[in-house]
Protein chains: 2
Amino acid sequence: MSNRLTIIEIAKHSGVSRSTVSRVINDDPNVNTETRERVRAVMQKLNFHPNVAARGLAAGKTRILGLVIPMGVSALFSDPYFPQLIQGISAACNQHNYSTMLWLADPEYERRMIQQIVSSGLIEGVIVASALNDDPVVEALMQRQIPFVLVGRHPTHTNLAYVDVDNRVSARDAVLYLMRLGYQRVATIAGPHNMIAGVDRLNGYKDALKTRGIAPDPNLIAEGDFSEGGGYQEMQRLLRHAPDAVFVASDAMALGAMRALREAGKRVPDDIALVGFDDMPFAAHTEPPLTTVRQPIHRAGFVATETLLALIAEGANAPRRVILPTELVIRETCGAHRASAKPTV
Amino acid sequence: MSNRLTIIEIAKHSGVSRSTVSRVINDDPNVNTETRERVRAVMQKLNFHPNVAARGLAAGKTRILGLVIPMGVSALFSDPYFPQLIQGISAACNQHNYSTMLWLADPEYERRMIQQIVSSGLIEGVIVASALNDDPVVEALMQRQIPFVLVGRHPTHTNLAYVDVDNRVSARDAVLYLMRLGYQRVATIAGPHNMIAGVDRLNGYKDALKTRGIAPDPNLIAEGDFSEGGGYQEMQRLLRHAPDAVFVASDAMALGAMRALREAGKRVPDDIALVGFDDMPFAAHTEPPLTTVRQPIHRAGFVATETLLALIAEGANAPRRVILPTELVIRETCGAHRASAKPTV
DNA sequence: TCCTTTATTGGGAGCGTTCCCAATTATATG
DNA sequence: CATATAATTGGGAACGCTCCCAATAAAGGA
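Residues numbered from 1 in each chain as written. Chains lettered and ligands numbered in written order. Predicted model: local features only at pLDDT ≥ 70, side-chain atom pairs only at ≥ 80, totals over all residues. Heavy atoms only, no water.

Comments concerning the overall build of chain A
Regarding its fold elements, chain A presents 12 helices and 12 strands. When its C-alpha atoms are laid out on the principal axes, chain A stretches across 80 × 40 × 35 Å. Looking at the 345 residues of chain A, the share that counts as buried comes to 57%. Carbon together with sulfur atoms contributes 49% to the accessible area of chain A, which is approximately 14500 Å² in total. (Helix = DSSP H or I, 4+ residues; strand = E, 2+ residues; numbered from the N terminus. Buried < 20%, exposed > 50% of the residue type's maximum accessible area, 1.4 Å probe, protein only. Areas by Shrake-Rupley, 256 points an atom, 1.4 Å probe, with all protein chains shown as cover.)

Here it is, written out as structure tokens:
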């Protein structure tokens, strides 16, 4: 706080001008090698680091990115999705020498916050995680022309930059897999309809049915909220319609579903098979271990960051869309390893 | 980015000087009420927000806090502890109109990062979550005289500001509770010895033994790393020494312990009772539900933030230490509700 | 050797605020 | 009504840096 070290001090100590020091800091090639070394040494010795606010003001570059996590999905924040995402983002930031500013968009403060982000002039770009379908953050960002990338595609603005997995195809494949295992009444606990990942996965489920020429049965389709509690609740409801397998759109919900099944005295997978989505760390340790669609969350964060950086550096002609691959991780809840499993294909 | 709105534009539009606009922005009382309203209206209409970097430069106040999460505890980041903490911090920040900057202190970049934080001049103070015992972040912060508060007390620098729960007493009470339930061979899976919470809880365990005049048996003391995997592993080891109850220093480890017990064919709590620590959201949903020490993590984040803000505002004479209460949440893994439980007190 | 080109360096101006002091106006006091 | 006092306002300077252009030194070519 007090009398901070400035570029001028460094200049004095190394017998050059303020400008030269600035050049050294910014790796400008137009500096004599010897001079550069000398200045560097002084900076090191005095443990000098340029003032970010001043650089931001003078150059408009702050090396700071914003990360917005809408709190409509607050419940979600208690599952490991966001931590993993944040780790990915953070890793990329470290690598590129950027820092991250975090906003949990508490709805009450949301508007104010958006303004702050967008107008602070502090931030070079923004990553928006799991936006709701009609998220005002996205609108504000578009309006202000701040570079930003979504984690998860946007339902209506299709040409925004984003990184995502192919939720629809992944879901379809998972359901088809269950069907190949011989299950006849495959239900789903979908994600909320106001999140694109939720609807995409539901559509994938329907695609699978269609492929097999089966009409979707509303009784076999439940809508959860991606949380454990939601999965528990919806599974109880589904139970009344006797599915023999359930595609659950998140591992957290699958956890809840398993709890409901346990309480109902149903065995997994013998009575009802389950496939989850996410491959959260705990999925390998449930009883029995959960078959699930693995999505590379950490990687998504990493890639989103790099995409954003590219967007900032290259403007509109940077690559804008990345689809990351998923993988069906076959463990035990799908019953693939049972004797009684009867693959039909 | 381009031609941003500045205070001067606002001044022109409202027919006053730059200074007056600045006064309005900063709620300086020396402004005519009428003028104030007028300026406010203009700002609103033009959707003006002052440039953070400029304010930071001119006034040294940025309304930005730093949050450092040392990545030595990276594994931890996959359990809901940090999300809850972050939510608490974020809530407090929103309330006080501050923002948070997040650093996951990847060891490799740790030094560089510290410098950045500390010297960026961007940050008014720092919250350090779960510092390791010898964390260089803490040293750097002390040296640079940046206001900061720890979540979890520091082992050696006892007069640093922190918020914490009384891990030692809480652990002791939990263990005493198990003993009152009649268990004879109470073991523990402790946290890592390089984290103060780990050693405090272990000491609490030892305190309880001492109270009952029992010498600690090294065979009944395992050291985990606060992770599920660690709990699993350590429980397998403990099993060889036939404990009848285990105090597990984190819920995540308790989860792993339960998995180990399941695989070993032991029933909980009939064969071995368990008490965890944290009361993570999933603790209520394990099979059977986990008895555990609840600590108010969200609240800790909130209070830590307010403590930091006080520190920034009032300097050294702000309140510096907060101990938050814990609560033993009795569910089923402790066997309290069994017929076979035989309370001795 | 003189002139042109290139490599380095220096310094003024400006980024958008806040802070401080001086100026102006309104209000109160005798 | 004149003067002291309070309320309001304006503008210069500074915050620490980058950018741009001009200046100087070194090097190459005729």
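Some details on the domain arrangement of chain A
Residue and element names in this part refer to chain A. Taken domain by domain, chain A holds domain 1 (7–50), domain 2 (64–165 + 297–324) and domain 3 (167–294). Placing the centre of domain 2 and that of domain 3 at their C-alpha centroids yields a distance of 28 Å. Taken together, the 14 residues of domain 2 in the interface contact 12 residues of domain 3. For the domain 2 and domain 3 pair, buried surface summed over both sides reaches about 1200 Å², with 61% attributable to carbon and sulfur atoms. One can count one salt bridge joining domain 2 with domain 3. (Domains from an automatic or database assignment. Contact = heavy atoms within 4.5 Å. Buried area = accessible area lost by both parts, 1.4 Å probe. Salt bridge = Lys/Arg side-chain N within 4 Å of Asp/Glu carboxyl O.)

Quick look at the pairing of strand β9 (residues 273–278) of chain A
Residue and element names in this part refer to chain A. Most of β9 sits inside the fold, with six of its six residues counted as buried. As for the winding sense of the linkage, the β-α-β connection from strand β8 (residues 245–248) through helix α11 (residues 251–263) to β9 is right-handed. Sheet analysis places β9 next to strand β10 (residues 292–294), joined by three bridges and oriented parallel. In the strand pairing of β10, D278 is matched with R294. (Right-handed = clockwise from strand over helix to strand, strands pointing away. Pairing = 2+ DSSP bridges.)

Remarks on the protein's contact with DNA strand C
The environment of DNA strand C is formed by 26 residues, the closest being S19, R23 and T35 of chain A together with I7 and S22 of chain B. Among all atoms of DNA strand C positioned within 4 Å of the protein, those belonging to sugar or phosphate total 52%. Interatomic distance of 2.8 Å between a side-chain N/O atom of N26 of chain B and a phosphate oxygen of DNA strand C. Only α2 (18–25) and α4 (52–59) of chain A together with α2 (18–25) and α4 (52–59) of chain B provide two or more residues apiece to the surface near DNA strand C. Tallied by class, residues from the surface near DNA strand C come to 10 nonpolar, 11 polar and five charged. (Near = heavy atom within 4 Å. Polar contact = N/O pair within 3.5 Å; in protein donor to acceptor, adjacent residues only side chain to side chain. Nonpolar A, V, L, I, M, F, W, Y, C, P; charged D, E, K, R; others polar.)

Brief notes about the sheet that holds strand β11 (residues 321–324) of chain A
The sheet built from 12 strands is open, its strands ordered β11(A)-β5(A)-β4(A)-β3(A)-β1(A)-β2(A)-β2(B)-β1(B)-β3(B)-β4(B)-β5(B)-β11(B) with mixed pairing. Every other strand in the sheet has two partners, leaving β11 of chain A together with β11 (321–324) of chain B as the edge strands with one partner each. Between one strand axis and the next, the sheet turns through 20° on average, direction left out of account. (Axes fitted to C-alpha atoms, helices over the stretch in contact; angles between N-to-C directions.)

Some remarks on the pattern of salt bridges
Counted under the stated rule, the structure contains 24 salt bridges over all chains. Between E327 of chain B and R294 of chain B there is a salt bridge, and its shortest N-O distance comes to 3.4 Å. Of this pair, E327 of chain B sits in strand β12 (residues 327–329) while R294 of chain B sits in strand β10 (residues 292–294), placing them 33 residues apart in sequence. Judged by its relative accessible area of 33%, R294 of chain B falls in the partly exposed class. Each of D279, R294, E327 and R331 of chain A takes part in a single network of salt bridges with overlapping partners.

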